[in-house]
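As a plain string of letters, each chain reads:
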Amino acid sequence: MKPESYIDQVIDIATEAGKKIRDIYQLGDFEREIKSDNTPVTSADIAAHNIIIKALKELTPEIPVLSEEDADIAFSERCNWQRYWLVDPLDGTGEFIAGSGDFSVIIALVEHNRPIVGVVYVPMTEVCYYAIAGLGAYKRDNGSEMRISSRQISHDDNSPLRLAVSRRQDPQSVIKLFNQNKHCELVVLGGAALKSCLVAEGRADSYVRIGPTGEWDTGAAQIIVEEAGGQIMDLALQPLSYNERESLENPNFIVVGSPNLAWDEILIAES
C-alpha cells in the first residue's frame, strides 16, 4: 500500500491525539514526572501515545511502532525493521508545561533508515504540516491546503538570515554559532518540529539544535523540510539517519531552507 493512500488517516490519528492533548492543556489538570533521561513527561504525552499506538496498529498491523514513550526496544530487534512508524506523541513537553501552546504531535514513517512520510499536527492552532517522499510538502490550515516551499537564497543575497529559536533559549547562544559577517534575525517559537516547519514554509531560514534530541523529534520534520526544498543535517553537514545505532539520540543538527548556501562557512559551530 502506497503512503499516499493512507496519509489522510495518519493525519486523522495525529488530529485525534492533538485534540486529547488540547483538552488536557486547557483544563490544566495533568500529572508530571521526570524520566530516567531527566526529561519531563506528562499524562498528556501518555494519553496521546496510547491513542496513536492503538490507531496505527489498527491501520497497519504489519508495521512496528517506535514511540518516545515506548522506546526501550533492543537494537538487535529494531535493526531488522525495513519500515516502521516513528512517533513523538507530544513534541515540546516543556512548552506544554510552561503554557506557551507551542507543541505538536509527530508521526513519521521510516523506510530503509530514511523518513518517507511525515505529519506534524499543532493542537492549539489545528494546523497540520505533512509530506510524502517525492510528492511534496503541504500545510493544512483552517480548511485550506497549500504546498509549501523553503526560501531559496542566492550566494550574493545580503538579506539577514532568519533563525528560529525557542522562547526559552538565550538568543546569543544561537547567534554565536554563525559567522559574524552574516547578519541574523530571530524568529521565536517553541518545539523542535515547529521550528523545522517554519524553515520548511519559508518563514525562517535556519534552526540549529545543540543538545539532546531523539530520532522521533526529527523524523517527520526531516521529510517535510526535504520535500519543501531544504535539508536537516548534523553539524558536519551530513544528513541525519534513523535506526542505525543502539542509541536513538540525534547528534546536534541544523535545519536549512536553502541548501545551496555555503553553510560550512556560515556555521561556525563544532559538532
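Before any of the text, the structure's been laid out above.
Everything numeric here is computed off the predicted structure, so don't read it as measured data.

**Considerations on the overall build of the chain**
So, step 1. Summing up its helical and strand segments, the chain has eight helices and 14 strands in all.
So, step 2. Against the globule reference of 18 Å for 271 residues, the chain gives a C-alpha radius of gyration of 18 Å, in line with a compact fold.
So, step 3. Viewed in the frame of its principal axes, the chain has a C-alpha envelope of about 50 × 40 × 40 Å.
So, step 4. Counting only residues that meet the buried cut, the chain has 55% of its 271 residues in that class.
So, step 5. Within the chain, contacts between residues at least 6 apart in sequence are counted, and of these 61% link residues at least 24 apart.
So, step 6. Within the structure as shown, the chain displays about 12100 Å² of accessible surface, and the carbon and sulfur contribution to it stands at 46%.
So, step 7. A gap of 3 Å separates the mean positions of the 24 positive and 42 negative side-chain charges of the chain.

**A word on the layout of surface pockets**
So, step 1. Within this model, the largest pocket holds a volume of roughly 910 Å³.
So, step 2. Taken together, 35 residues make up the lining of the largest pocket; nearest its centre are Thr 39, Arg 209, Pro 212, Thr 213 and Asp 217.
So, step 3. At the level of secondary structure, the elements contributing two or more residues to the lining of the largest pocket comprise strand E4 (83-91), helix H4 (93-98), helix H6 (192-200), strand E12 (206-209) and helix H7 (215-228).
So, step 4. It is H4 that contributes the most residues to the lining of the largest pocket, five residues altogether.

**Some points on the sheet that holds strand E9 (residues 144-147)**
So, step 1. As summarised here, the arrangement of the seven strands in space is E3-E4-E5-E6-E7-E8-E9, forming an open sheet in which the pairing is mixed. Two strands bound the open sheet, and with one partner strand each, they are strand E3 (65-67) and E9. When strand polarity is set aside, the average angle formed by the axes of neighbouring strands in this sheet is 15°.
So, step 2. Looking at chain direction, E3 and E4 are connected through three bridges and run parallel. Paired with Leu 66 across the strands is Leu 86, a residue of E4.
So, step 3. Along the sheet face, helix H1 (residues 7-27) touches E4, strand E5 (104-111), strand E6 (114-122), strand E7 (127-132) and strand E8 (136-141) and points at about 40° away from the line of E6.

Cut-offs and rules
Residues numbered from 1 in each chain as written. Predicted model: local features only at pLDDT ≥ 70, side-chain atom pairs only at ≥ 80, totals over all residues. Heavy atoms only, no water. Helix = DSSP H or I, 4+ residues; strand = E, 2+ residues; numbered from the N terminus. Rg over C-alpha atoms; globule rule 2.2 N^0.38 Å. Buried < 20%, exposed > 50% of the residue type's maximum accessible area, 1.4 Å probe, protein only. Contact = heavy atoms within 4.5 Å. Areas by Shrake-Rupley, 256 points an atom, 1.4 Å probe, with all protein chains shown as cover. Lys, Arg positive; Asp, Glu negative; His and termini not counted. Charge placed at Lys NZ, Arg CZ, Asp CG, Glu CD. 1 Å grid on protein atoms, 1.4 Å probe; cavity = no way out; pocket = protein on both sides within 12 Å on 5 of 7 lines; lining within 4 Å. Points joined across faces, edges and corners; volume = space filled by probe spheres on them. Pairing = 2+ DSSP bridges. Axes fitted to C-alpha atoms, helices over the stretch in contact; angles between N-to-C directions.

These values are about where atoms sit, not about what they do.
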